[in-house]
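Each chain is listed here by its residues.
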Amino acid sequence: MKQRLLFLGPPGAGKGTQAEQLAADRNLLHLSTGDLLRAEVAAGSALGQEAEAVMARGELVSDALVLAIVRSRLEAQAASGGGGWLLDGFPRNLAQAESLGVLLDELQQPIELAVLMELDDAVLIQRLLGRGRADDNETVIRHRLEVYREQTAPLIRYYQSKGLLQAVEANGTVETIAERITALLG
Ligand code: ADP
């Protein structure tokens, strides 16, 4: 079974929900850069203070900062005997994807599957408006979708060209979508 995974898709596609469930079922490390950054903001750390305003605007936090977070988590997991992982919300641009590739080469842990969750903008916006997080007002949501299209969507081709990408339709119940994803894991 594939156990080194990443989830790609626009904000609101349900990556977090699916990732959390799948990671719990398969005993994978769930690495959500959004969750980790929000935890830093809540803790008031230097890192959190640096990230807070950027996140509130719906822009991307610096590559160096998120990479440091991901690197420390993946290295710790590798040092403690390894196991699978699921990256959710990272990488979010080509520079992050390239840095991740270098890190995973070092760890000798190549990605086995990139799952793209696809959903129409109208549905995404409705879902995000219903969620009510600090960065979920309409102006910021539209901006996050733009950032996704410009910076993150190029990763679709990037992972496609490496033969790693599989897409799932992300409309439906949580259970239906979970089944679609499970079917890709082999
Ligand atoms: P969503 O998928 O709904 O956009 P996330 O929780 O993944 O929500 O991300 C929330 C915010 O955290 C992003 O808008 C961005 O500011 C920041 N963030 C999360 N992951 C990254 C990343 N890999 N690189 C840069 N910024 C990130």
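Everything here concerns the structure above.
Source: prediction; values computed, not measured. (Residues numbered from 1 in each chain as written. Predicted model: local features only at pLDDT ≥ 70, side-chain atom pairs only at ≥ 80, totals over all residues. Heavy atoms only, no water.)

Here we come to the nonpolar core. Ranked by size, the top nonpolar core spans 32 residues in total, and within it Leu6, Leu37, Val61, Leu74, Leu100, Ile111 and Tyr159 carry the most contacts. Elements with a minimum of two residues in this core: strand E1 (4-8), helix H2 (33-43), helix H3 (46-57), helix H4 (63-79), strand E3 (85-88), helix H5 (94-107), strand E4 (113-118) and helix H8 (154-161). No other element matches H4, which puts six residues into this core. Not counting residues within four places of it along the chain, the set of residues in contact with valine 61 comprises Leu37, Ala51, Val54, Met55, Val66 and Gln96. (Core = buried A, V, L, I, M, F, W, Y, C linked by side-chain atoms within 4.5 Å. Buried < 20%, exposed > 50% of the residue type's maximum accessible area, 1.4 Å probe, protein only. Helix = DSSP H or I, 4+ residues; strand = E, 2+ residues; numbered from the N terminus. Contact = heavy atoms within 4.5 Å.)

In this section: the pairing of E3. Where burial is concerned, the two faces of E3 agree: the one with Trp85 and Leu87 and the one with Leu86 and Asp88 are both buried. Here four bridges tie strand E2 (residues 29-32) to E3, and the two strands are oriented parallel to one another. Considered in E3, the bridge of leucine 31 is made with leucine 87. (Pairing = 2+ DSSP bridges.)

The subject of this paragraph is the site of the ligand. Around the ligand, the structure places 19 residues, and the nearest of them are Thr33, Arg38, Glu59, Gln96 and Arg144. With respect to the ligand, the side chain of arginine 131 contributes an N or O atom lying 3.0 Å from an oxygen atom. Contact with the protein chains covers 96% of the free accessible surface of the ligand, which is 540 Å². Sort the elements by how many residues they give to the shell around the ligand and H2 lands first, with four residues. By residue class, the composition of the shell around the ligand is seven nonpolar, four polar and eight charged. (Near = heavy atom within 4 Å. Polar contact = N/O pair within 3.5 Å; in protein donor to acceptor, adjacent residues only side chain to side chain. Areas by Shrake-Rupley, 256 points an atom, 1.4 Å probe, with all protein chains shown as cover. Nonpolar A, V, L, I, M, F, W, Y, C, P; charged D, E, K, R; others polar.)

Once that is clear, we can look at the environment of leucine 103. With respect to the helices, strands and loops of the structure, leucine 103 is situated in helix H5. A relative accessible area of 0% places leucine 103 in the buried class. Leucine 103 sits 32 residues away from arginine 71 along the chain, and the two C-alpha atoms are 7.3 Å apart. If we skip the residues at most four places from it in the chain, leucine 103 touches Arg71, Leu74 and Glu75.

Overall, parallel pairing links the five strands, which are arranged E2-E3-E1-E4-E5 in an open sheet. The open sheet has two edge strands with one neighbour each: E2 and strand E5 (165-169). Averaged over all pairs of adjacent strands, the angle between their axes in this sheet comes to 20°, without regard to strand direction. In the packing of H2 onto the sheet, the strands contacted are E2 and E3, and the crossing angle to E2 comes to about 70°. Strand contacts of H8: E1, E4 and E5, with the helix running at about 150° to E1, the strand carrying the most contacts. (Axes fitted to C-alpha atoms, helices over the stretch in contact; angles between N-to-C directions.)

Right, let's talk about the side chain of asparagine 93 for a bit. In this structure, asparagine 93 sits in the loop between E3 and H5. A polar contact of 2.9 Å, which involves the side chain of asparagine 93, links it to the side chain of aspartate 63. At 3.2 Å, the side chain of asparagine 93 forms a polar contact with the backbone nitrogen of alanine 95. Among residues more than four places away in sequence, those in contact with asparagine 93 are Leu60, Asp63, Gln151 and Leu155.

A few words on the environment of alanine 68. Mapped onto the elements of the fold, alanine 68 is located in helix H4. Of the residues examined, alanine 68 reaches a relative accessible area of 45% and is grouped as partly exposed. Spatially, the C-alpha atoms of alanine 68 and alanine 134 are 24 Å apart, while their sequence positions differ by 66 residues.

This part takes up the packing of aromatic side chains. Evaluated as defined, the whole model comprises one aromatic pair. Look at tyrosine 158 and tyrosine 159: their rings are 4.9 Å apart centre to centre, the planes differ by 90°, and that puts the pair in the edge-to-face class. Each member of the pair, tyrosine 158 as well as tyrosine 159, is classed as buried. Over the aromatic face of tyrosine 158 sits the side chain of lysine 162, whose NZ or CZ is 4.8 Å from the ring centroid. (Phe/Tyr/Trp six-rings, centres within 6.5 Å; stacked < 30°, edge-to-face > 60°. Lys NZ or Arg CZ within 6 Å of the ring centre and 35° of its normal.)

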